[in-house]
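Results of the structural survey
One-letter residues, chain by chain:
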Amino acid sequence: MPKLIILLLFLILFSPFAVSADGLPQSPYIQVSGHGEVHAAPDMLIVSMTLEKTGMDAKAARADVEGRAAKVIALARKLGLADKDIRAPAVTVEPQYEWHNSSGGDGKQVLVGQHVSRGITLTLRDIARYGDLADGLFAAGVTRLDGVLPDTGERDKLQQEALGLAVGAAHTKALALAAAAGVSLGAAYSIAENGESRGPRPMFMAGASRASAEAAPEYLNGEIEIDADVQVYYLMGR
């Protein structure tokens, strides 16, 4: 066996950072997890909706959906949304069937129309205008408001902050375990983020009853929470 290969095997087998087949260190180690989270007031809303129509005349159903979509897009621009904050992909058309039972007990699928739908997602960066947007959407004939998700333009920055807190929490936990075991805490062997961070919590919004048609509803923005979780392996000292 060449001397270089023998030397490399010696270094791998007797290095304090040698790893087993499953990727874990062969020397004693401490395994901990850490969780970090940050809270922030939302500065934007992601509003998603669906416009849909079912009819035997696919052309007429599509014209209906496209007409209402045009009103939604016009409303969004009127409220100051830039085109980059308006996501409105093309319509989809698919046949819609219902299961009908005959008098003889046999069932069959019957075409009841062509279902036309178009999803639209708006990023509202002026939260104070949500009341105007909501009123305008329903006036434009929005079939379904799928969700209103609060978010922040500082998400990347806050995510990094949450990761730092998670690593700090893991280190604190590892120090406590090492002290309880009467050993010293060695270097971090590996750090990995666990899964995907959770999205923002839903915004709490309370609509106050209107004393008159002109009275604006009250919306409570609440806060969003950005999470991070890590798994850390520390080598154990003596």
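Residues numbered from 1 in each chain as written. Predicted model: local features only at pLDDT ≥ 70, side-chain atom pairs only at ≥ 80, totals over all residues. Heavy atoms only, no water.

Quick look at the pattern of salt bridges
Note the following rule: Whenever a carboxyl oxygen of Asp or Glu lies within 4 Å of a side-chain nitrogen of Lys or Arg, that contact is scored as a salt bridge. Exposure classes here rest on a 1.4 Å probe applied to the protein chains alone. A residue is buried below 20% of its type maximum, exposed above 50%, and partly exposed in between.
As enumerated under the stated definition, the model contains 10 salt bridges in all. Across the salt bridge formed by D83 and R77, the nearest N and O atoms sit 3.0 Å from each other. For D83, a relative accessible area of 48% corresponds to the partly exposed category. In this structure, R129 and D132 form a salt bridge, with 3.5 Å as the shortest nitrogen-oxygen distance. On the accessibility criterion, D132 (41% relative accessible area) is partly exposed. One connected set of salt bridges, linked through shared partners, spans E52, R144 and D146.

Thoughts on helix α4 (residues 155-181)
Formally: Under the scheme used here, helices are H or I runs from DSSP no shorter than 4 residues and strands are E runs no shorter than 2 residues, and both carry numbers assigned from the N terminus. One less than the number of residues in a helix, times 1.5 Å, gives the span that helix is expected to have. In this analysis, two residues are considered to be in contact whenever any of their non-hydrogen atoms come within 4.5 Å of each other.
The end-to-end C-alpha separation of α4 is 39 Å, in line with the 39 Å expected for 27 residues at 1.5 Å each. Inspection of α4 places R155, L158, Q159, A162, L163, A166, A170, A174 and A178 among the buried residues, and these make up the whole buried set. Buried residues along α4 sit in contact with β1 (29-40), β6 (144-151), β7 (185-193) and β8 (224-236). After α4 finishes, the residue G182 shows a positive phi value of roughly 75°.

Observations concerning the side chain of D151
Here D151 lies in strand β6. If we ignore the near neighbours within four places in the chain, the residues touching D151 are P42, D43, M44, I46 and I224.

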